[in-house]
Amino acid sequence: EAQVTQNPRYLITVTGKKLTVTCSQNMNHEYMSWYRQDPGLGLRQIYYSMNVEVTDKGDVPEGYKVSRKEKRNFPLILESPSPNQTSLYFCASSLTQGAYTGELFFGEGSRLTVL
Amino acid sequence: QKEVEQDPGPLSVPEGAIVSLNCTYSNSAFQYFMWYRQYSRKGPELLMYTYSSGNKEDGRFTAQVDKSSKYISLFIRDSQPSDSATYLCAMSARQGGSEKLVFGKGTKLTVNP
């Protein structure tokens, strides 16, 4: 089954404790991206990757890191989480190089709470 | 002016009603226009996709794009309780060698049996 898999789905952590949210897709997609979704603010892009070893900042990259060492994986790293990073996070992928022409496939989401 | 504006609702309609969802935008460079549907506790899924102006129909769903007015719409005919979800408009363009994809904040729709 074609899918984007995120882990963990739910996480409660404390300020400053490094964490990684993993994302994996099995569709051989070139493009991958991370979004956060907050009430009243909608979906905002954090980082995206057009291909392996190519990443770029989205609209809200502060406090996050990403890497794209393999085509299928695109982990989101919070080096020192803060309460304002409490949010619902979505990973997405697309076949084309650039979401603008392609269909975005989203994962189920990872709800993160930072105390 | 925000780049993409979408009325958050909520919108509540009886089963069988025609639903109209709308977004306006300010960036004339947008070329691709999309509607995503997001069920509670799920990720968004692409519902409709349109390039430039015009209409596109898929079953009970019709997407319209009016680039001259910078206005897009999604119509749902014969709405069903299973259509209850949040609907997100999205639009994209390639600018300066990089892509720009912007989502509306979403309209929450409830279809009552």
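Residues numbered from 1 in each chain as written. Chains lettered and ligands numbered in written order. Predicted model: local features only at pLDDT ≥ 70, side-chain atom pairs only at ≥ 80, totals over all residues. Heavy atoms only, no water.

1. A word on the overall build of chain A
Counted only if it meets this: Working definition: helices are DSSP H or I runs of at least four residues, strands are E runs of at least two. Numbering for both runs from the N terminus. Note on contacts: a residue pair qualifies if any of its non-hydrogen atoms lie within 4.5 Å across the two residues. We treat Lys and Arg as the positive residues and Asp and Glu as the negative residues; His and chain ends play no part in the count. Just so you know, the charge point we use is NZ for Lys, CZ for Arg, CG for Asp and CD for Glu.
Helix and strand counts for chain A come out as zero helices and eleven strands. When the helices and strands of chain A are listed from N to C terminus, the series reads β-β-β-β-β-β-β-β-β-β-β. In chain A, the proportion of contacts linking residues at least 24 apart, taken out of those at least 6 apart, comes to 55%. Charge-centre separation for chain A: the mean point of 12 positive side chains lies 6 Å from the mean point of 11 negative side chains.

2. Things to note about a nonpolar patch on the surface
Filter applied, for reference: Here the term patch refers to residues with relative accessible area over 30% and no salt bridge, with like charges joined within 9 Å and nonpolar side chains (Val, Leu, Ile, Met, Phe, Trp, Tyr) within 5 Å. Surface exposure here means Shrake-Rupley accessible area, sampled with a 1.4 Å probe, where a residue is shielded only by the protein chains that are shown. Any carboxyl oxygen of Asp or Glu within 4 Å of a side-chain nitrogen of Lys or Arg constitutes a salt bridge here.
Together, A:Ile12, A:Val14 and A:Leu115 line one region of the surface with nonpolar side chains, adding up to about 320 Å² of accessible area. For A:Val14, the location among the structural elements is in the loop between β2 (10-13) and β3 (19-25).

3. Remarks on the layout of surface pockets
What counts here: The definitions used throughout rest on a 1 Å grid laid over the protein atoms alone, on which a cavity is an enclosed set of points accommodating a 1.4 Å probe that cannot get out and a pocket is an open set flanked by protein within 12 Å on both sides along at least five of seven lines; lining residues are those having an atom within 4 Å of a point. Grid points are joined across faces, edges and corners, and a volume is the space filled by probe spheres set on the points. Residue classes follow a fixed rule: Ala, Val, Leu, Ile, Met, Phe, Trp, Tyr, Cys and Pro count as nonpolar, while Asp, Glu, Lys and Arg count as charged, and any other residue, Gly among them, counts as polar.
Space inside the largest pocket adds up to approximately 740 Å³. In this structure, the largest pocket is lined by 31 residues; those nearest its centre are A:Gln37, A:Leu88, A:Arg111, B:Gln38 and B:Thr86. Contributing elements (two or more residues each) for the lining of the largest pocket: β4 (31-38), β9 (87-94) and β11 (110-114) of chain A together with β9 (85-95) and β11 (107-112) of chain B. Considering every element that reaches the lining of the largest pocket, the biggest residue donor is β11(B), with four residues. Across the lining of the largest pocket, the residue classes break down as nine nonpolar, 14 polar and eight charged.

4. Description of the sheet that holds β3(A)
All names here are of chain A. Spelled out, the test is: Between any two strands, at least two bridges found by DSSP are needed for them to pair.
Strand order in this open sheet of four strands is β1-β3-β8-β7, and the pairing throughout is antiparallel. The open sheet has two edge strands, β1 (4-7) and β7 (65-66), and neither has a second partner. The pairing of β7 with strand β8 (residues 76-78) spans two bridges and is antiparallel. Counterpart to Val 66 in the pairing with β8 is Leu 76.

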